[in-house]
Amino acid sequence: GIALFIFLFFFKWYGGSASAPSIGGVNVSSSYSIDGWHAFTVNRWIWLITIIAALGAVAISAGLLQLKSPVQPGVLVAGLGALSTLTILYRIIHHPTASASFGGFHASVGIKIGIWLGLIAAVAVTYGGYLGMQDEGTSLSDVREQASGALSGLSAAVGGEGASDPTAATPDASGEAVAPPIPPPAAP
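Chemist: What is the right way to read helix H1 (residues 2-10) from this model?
Modeler: An α-helical segment advances 3.6 residues per turn. Residues three or four places apart therefore align on the same side. For H1, the full list of buried residues reads Leu 4, Phe 7 and Leu 8. Down the axis of H1, the smallest arc covering the buried residues is 100°, so these residues share one side. Those residues of H1 that are exposed and angled more than 90 degrees off the buried face are Ile 2 and Phe 10. Of the surrounding secondary structure, the elements contacted by the buried residues of H1 are strand E1 (12-23), strand E2 (26-35), helix H2 (36-39), helix H3 (43-61), helix H4 (73-93) and helix H5 (113-136).

Chemist: Sorry, what's going on with the sheet that holds strand E3 (residues 98-102) here?
Modeler: Strand order in this open sheet of four strands is E2-E1-E4-E3, and the pairing throughout is antiparallel. Pairing within the sheet leaves two strands with one partner each, and these edge strands are E2 and E3. Between one strand axis and the next, the sheet turns through 5° on average, direction left out of account. Bridging between E3 and strand E4 (residues 105-111) involves five bridges; their strand directions are antiparallel. Counted as the bridge partner of Phe 102 is Phe 105 from E4.

Chemist: Explanation requested: the packing of H1 against H5 in the structure shown.
Modeler: Look at H1 against H5: their axes get within 9 Å of each other, and the N-to-C directions meet at 160°. Taken together, the axis directions place H1 and H5 in an arrangement best described as roughly antiparallel. Regarding H1 and H5, the two cross each other, and that crossing is left-handed. Facing Ala 3, Leu 4 and Phe 7 of H1, the residues of H5 in contact are Gly 114, Leu 117, Gly 118, Ala 121 and Ala 122. Residues belonging to the contact of H1 with H5 are distributed by class as follows: six nonpolar, two polar and no charged.

Chemist: Any chance you could explain the nonpolar core here in plain terms?
Modeler: One broad rule of soluble globular proteins: the nonpolar side chains tend to lie buried together. Within the largest apolar cluster, 17 residues are counted, with the highest numbers of intra-cluster contacts made by Leu 8, Trp 13, Tyr 14, Trp 47, Ile 88 and Ile 115. Among the elements that take part in this core, H5 stands out by supplying four residues, more than any other. Discounting chain neighbours no more than four positions away, the residues touching Ile 88 are Leu 4, Trp 13, Trp 47, Ile 115, Gly 118, Leu 119 and Ala 122. Of all hydrophobic cores here, the second largest spans six residues; its members include Ala 53, Ala 54, Val 77 and Leu 80.

Chemist: Can you help me understand the layout of surface pockets in this one?
Modeler: To find leftover empty space, a probe the size of one water molecule is rolled over the atoms. Size it by volume and the largest pocket reaches roughly 370 Å³. For the lining of the largest pocket, the elements supplying multiple residues, two or more each, are H1, H3, H4 and H5. Top element by residues in the lining of the largest pocket is H5. It accounts for eight residues. Residue composition of the lining of the largest pocket, by class: 13 nonpolar, seven polar and two charged.

Chemist: Help me understand the environment of His 106, please; the structure alone is not making it clear to me.
Modeler: Residue placement: His 106 occurs in strand E4. A relative accessible area of 30% means that His 106 is categorised as partly exposed. Measuring from C-alpha to C-alpha, the distance between His 106 and Ala 18 comes to 5.6 Å, with 88 residues separating the pair along the chain. His 106 has contacts with Ser 17, Ala 18, Ser 19, Ser 99, Ala 100 and Ser 101, leaving out every residue within four places of it along the chain. A polar atom in the side chain of His 106 sits 2.7 Å from the side chain of Ser 101.

Scoring rules and cut-offs
- Residues numbered from 1 in each chain as written.
- Predicted model: local features only at pLDDT ≥ 70, side-chain atom pairs only at ≥ 80, totals over all residues.
- Heavy atoms only, no water.
- Buried < 20%, exposed > 50% of the residue type's maximum accessible area, 1.4 Å probe, protein only.
- Helix = DSSP H or I, 4+ residues; strand = E, 2+ residues; numbered from the N terminus.
- Arc of directions from axis to C-beta.
- Contact = heavy atoms within 4.5 Å.
- Pairing = 2+ DSSP bridges.
- Axes fitted to C-alpha atoms, helices over the stretch in contact; angles between N-to-C directions.
- Parallel < 35°, antiparallel > 145°, perpendicular 65-115°, else oblique.
- Left-handed = near helix turned anticlockwise from the far one by under 90°.
- Nonpolar A, V, L, I, M, F, W, Y, C, P; charged D, E, K, R; others polar.
- Core = buried A, V, L, I, M, F, W, Y, C linked by side-chain atoms within 4.5 Å.
- 1 Å grid on protein atoms, 1.4 Å probe; cavity = no way out; pocket = protein on both sides within 12 Å on 5 of 7 lines; lining within 4 Å.
- Points joined across faces, edges and corners; volume = space filled by probe spheres on them.
- Polar contact = N/O pair within 3.5 Å; in protein donor to acceptor, adjacent residues only side chain to side chain.

Structure, rendered in structure tokens:
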């Protein structure tokens, strides 16, 4: 998480340069680079949440924080790490690149080393989340149950659906939804 933070804010992810032959003995060239935080407006928030979740999971495993959640920290870190890895990989594959030369003028735009280091850090966060899942005793099949538990808890907290409805179906021992018994008709 710390490495991803450093690569996101302090390393250049995209850049461009232009050079022309010297004019009257003055070298005419310029270059521009931008870090990962300033290059993206949406993905940067996913990456920042991934960094916070990874550092939070470390604090939880060290006993500095406690978390009461249906989703284990390792599952959260592995999922966010995988999402970060995919978004960075997408940005590598679909990056703006160009190179042009006209006489003595040359210009180029492309990716820089920071995006590659960011990809490696995101993969490391994903792997660290997976190792955290193993330490927590969470298998990949448990992830589905945790996610559905978190989503049902979220819907109950937000909308209150099913919380006070006596006619709502409830799960039985096998996990299948069972309708509540129909009461007998009232005698006249």
